[in-house]
Amino acid sequence: MTGNAEISVRVKFFAAPREAVGAGQLERTVPAGTTVEELIRCLTEEYPILRAYTRFLSVAVNRAYVGMQTELHDGDEVACLPPVGGG
Amino acid sequence: MTGNAEISVRVKFFAAPREAVGAGQLERTVPAGTTVEELIRCLTEEYPILRAYTRFLSVAVNRAYVGMQTELHDGDEVACLPPVGGG
Amino acid sequence: MTLFEITPEPLSADAVIARLADPANGAVVTFVGVVRGETDGRAVRYLEYEAYPEMAEETLRQVGREVQERWPTIREVAIHHRVGRLEVGETAVVIALSAAHRPEMFDALHYAIDRLKEIVLIWKKEVWADGIEWRSESGSPMPGSFPYLDTESH
Amino acid sequence: MTLFEITPEPLSADAVIARLADPANGAVVTFVGVVRGETDGRAVRYLEYEAYPEMAEETLRQVGREVQERWPTIREVAIHHRVGRLEVGETAVVIALSAAHRPEMFDALHYAIDRLKEIVLIWKKEVWADGIEWRSESGSPMPGSFPYLDTESH
């Protein structure tokens, strides 16, 4: 992480984790260079109930699936995606 | 065939043979004991154009498929059925 | 609520599906046969379908019975076939099957349309720009029926 | 003419089929998913479907692309999925495939609904008489996605 620069990201929740968090979308300011994994860990400290869901979540950044070590950038849309159930 | 007793049958045509005969339904009086095969032969003499179709026809009497040697009875509905083409 | 019907009226997939209405049935598959604009490379102007309605509706029911004998998980079958003059793009047939779960429905639907084309007492006249023809699915004798009459060989 | 759509409005098989309108397409198969009155023996009161619409419509398109890559004779694919509260008997999803001829359509339709349930970003909450549950088709991790996060193991 690069220190003092900060970025703003939008975090989206759906289905059970959305209800657990109590919001479909959060705005968070984090240090530049924060990874998906670090963001999720911060959110889990803020919302301990999320811990029940994190092992089931995939993450998409700007509507594309990404790995846990992906670095976030200013303005990113980070979607926390539980297993799907359409049809 | 038993001779003087006569029966009346209704003959139905569909699709190409209906157009060839020019009618969807005919009433014919034939000797009691006439078979399907004999009826069709009579009709073919009356409508020579039917000859082009007879080898493709199945016959149903009173809405059930029957064999060529089936004897007809008064009031029977005899349907001349070309190969089907639904769907 | 007629599950099996020969009708001169336009067909609707929604209407046929509605005949199946049963909340236990979670999945419905349908086959919709539409009049194509060409056959064997020739432009079709329109089609005329003709039926032997009393026997045709009974053979539609037979298709339904056969499907349910082969795939007992199929809950309901409905088949509507239109007759009369049909323009290109209009629907000639709708088959709908319902089941609580999906696995076998697709095979059952495939069977239903194949069998309909084989045994249901409906005939189709194709009217092209340059001619007409009564068409059968196979061009070959009707499966399952007795040997065809041949007055010339007697 | 939107072939792939996530919508809160009631669905119609006829409307989805109409999106495919092309006289060259003689056959259409559809899958219609209806809200069932029970799941695992428990009475369902209603369902709530929730989507990530922008990504869900893209994954619907992906399902369509996959179908056409695997079965090149499939001419068109349309998929509409409803979201929001759905009562028992209402339609949640309609998939329609068209082709000039029939042979491969049934496998393609089967593939499309299975794949939709695997990858499309839609979630379903079942509301029973005695409880609720967010359900996924498999209960297992989403195929094709990266290993799930597990903050407890780090």
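This structure is a prediction, so every number in the text was calculated from the model and none was measured. (Residues numbered from 1 in each chain as written. Chains lettered and ligands numbered in written order. Predicted model: local features only at pLDDT ≥ 70, side-chain atom pairs only at ≥ 80, totals over all residues. Heavy atoms only, no water.)

Chemist: Would you take a moment to explain the environment of B:Gly67 for this structure?
Modeler: Residues and elements named next belong to chain B. Inspection of the secondary structure puts Gly67 in the loop between β4 (64-65) and β5 (77-81). Owing to a relative accessible area of 29%, Gly67 belongs among the partly exposed residues under this scheme. With 14 residues separating them in the primary sequence, Gly67 and Tyr53 have C-alpha atoms 17 Å apart. (Helix = DSSP H or I, 4+ residues; strand = E, 2+ residues; numbered from the N terminus. Buried < 20%, exposed > 50% of the residue type's maximum accessible area, 1.4 Å probe, protein only.)

Chemist: What is the right way to read the interface of chain D and chain A from this model?
Modeler: By a frequent convention, interface size equals the accessible area lost on bringing the separate parts together. At the interface, 35 residues of chain D touch 34 residues of chain A. Here chain D meets chain A over a buried area of about 3000 Å², counting both sides, of which 61% is carbon and sulfur. At the boundary of chain D and chain A, one finds three salt bridges. Between A:Arg18 and D:Glu50 there is a salt bridge, with the nearest N and O atoms lying 2.7 Å from each other. Here chain D and chain A share eleven residue pairs in polar contact (both at pLDDT 80 or more) between them. Split by residue class, the side of chain D that touches chain A holds 19 nonpolar, six polar and ten charged. (Contact = heavy atoms within 4.5 Å. Buried area = accessible area lost by both parts, 1.4 Å probe. Salt bridge = Lys/Arg side-chain N within 4 Å of Asp/Glu carboxyl O. Polar contact = N/O pair within 3.5 Å; in protein donor to acceptor, adjacent residues only side chain to side chain. Nonpolar A, V, L, I, M, F, W, Y, C, P; charged D, E, K, R; others polar.)

Chemist: Sorry, what's going on with the confidence of the model for chain C here?
Modeler: Fine structural detail should not be taken from predicted coordinates in areas where pLDDT scores are low. Residue and element names in this part refer to chain C. This prediction gives chain C a mean pLDDT of 87; 88% of its residues lie at or above 70. Considering only residues more than four positions removed or in separate chains, one finds that residues 140-148, a stretch of pLDDT under 50, has 24 contacts. Both scores are available for the predicted complex, with the pTM at 0.89 and the ipTM at 0.88. (pLDDT = per-residue confidence, 0-100.)

Chemist: Please explain helix α2 (residues 36-46) of chain B as it appears in this structure.
Modeler: Counting along an α-helix, one turn takes 3.6 residues, and residues three or four places apart therefore face a common direction. All names here are of chain B. For α2, every residue scored as buried is listed here: Val36, Glu37, Leu39, Ile40, Leu43 and Thr44. Taken end-on, α2 shows its buried residues confined to a sector of 160°, consistent with a single buried face. Where the residues of α2 are buried, they touch β1 (6-13), β2 (25-31), α3 (51-54), β3 (58-61) and β5. (Arc of directions from axis to C-beta.)

Chemist: Any chance you could explain the packing of helix α2 (residues 53-70) of chain C against helix α3 (residues 105-119) of chain C here in plain terms?
Modeler: For any two helices packed against each other, the geometry comes down to the angle between their axes and how far apart the axes lie. Residue and element names in this part refer to chain C. With their axes 10 Å apart at the nearest point, α2 and α3 run at an angle of 145° to one another. Crossing handedness for the pair α2 and α3: right-handed. The residues of α3 that touch α2, namely those facing Thr59, Leu60, Gln62, Val63, Glu66, Val67 and Arg70, are Ala108, Tyr111, Ala112, Arg115, Leu116 and Ile119. When grouped by side-chain class, the residues that make up the contact of α2 with α3 number eight nonpolar, two polar and three charged. (Axes fitted to C-alpha atoms, helices over the stretch in contact; angles between N-to-C directions. Left-handed = near helix turned anticlockwise from the far one by under 90°.)

Chemist: Just checking my understanding: could you explain the interface of chain B and chain C for this structure?
Modeler: Across the boundary between the two partners, chain B contributes 34 residues, which contact 36 residues of chain C. Around 3000 Å² of area is buried between chain B and chain C when both sides are counted, 62% of it from carbon and sulfur atoms. Among the residues of chain B in contact with chain C, B:Arg63, B:Val84 and B:Gly87 are the three that bury the most area, contributing 22% of the side total. Here chain B and chain C share three salt bridges between them. In this structure, C:Lys125 and B:Glu19 form a salt bridge, with 2.5 Å as the shortest nitrogen-oxygen distance.

Chemist: Which parts of the structure should I look at to understand helix α2 (residues 53-70) of chain D?
Modeler: Taking 1.5 Å per residue as the helical rise, α2(D) with its 18 residues ought to reach 26 Å, and the 26 Å between its terminal C-alpha atoms agrees with that figure. Considered for burial, the residues of α2(D) that qualify are D:Met55, D:Ala56, D:Thr59, D:Leu60, D:Val63, D:Gly64, D:Glu66 and D:Val67. (Expected span 1.5 Å × (residues − 1).)

Chemist: Which parts of the structure should I look at to understand the side chain of C:His80?
Modeler: Residues and elements named next belong to chain C. Structurally, His80 can be placed in strand β5 (residues 76-82). Among the polar contacts made by the side chain of His80, one reaches the main-chain carbonyl oxygen of Thr2 at a distance of 3.1 Å. Among residues more than four places away in sequence, those in contact with His80 are Thr2, Leu3, Glu5, Leu11, Val16, Arg19, Ala92, Val93 and Val94.

Chemist: What exactly am I supposed to notice about the arrangement of the chains here?
Modeler: Nothing in chain A touches chain B, and the closest approach of their C-alpha atoms is 29 Å. Contact between chain B and chain D is absent, and the minimum C-alpha spacing across the pair is 10 Å.

Chemist: In this structure, what is going on with a negative patch on the surface? I would like to understand it.
Modeler: On the surface, C:Glu104, C:Asp107, D:Glu104 and D:Asp107 cluster together to form a negatively charged patch. By the secondary structure assignment, D:Glu104 is in the loop between β7 (91-99) and α3 (105-119). (Patch = residues over 30% accessible without salt bridge, like charges linked within 9 Å, V, L, I, M, F, W, Y side chains within 5 Å. Areas by Shrake-Rupley, 256 points an atom, 1.4 Å probe, with all protein chains shown as cover. Lys, Arg positive; Asp, Glu negative; His and termini not counted. Charge placed at Lys NZ, Arg CZ, Asp CG, Glu CD.)

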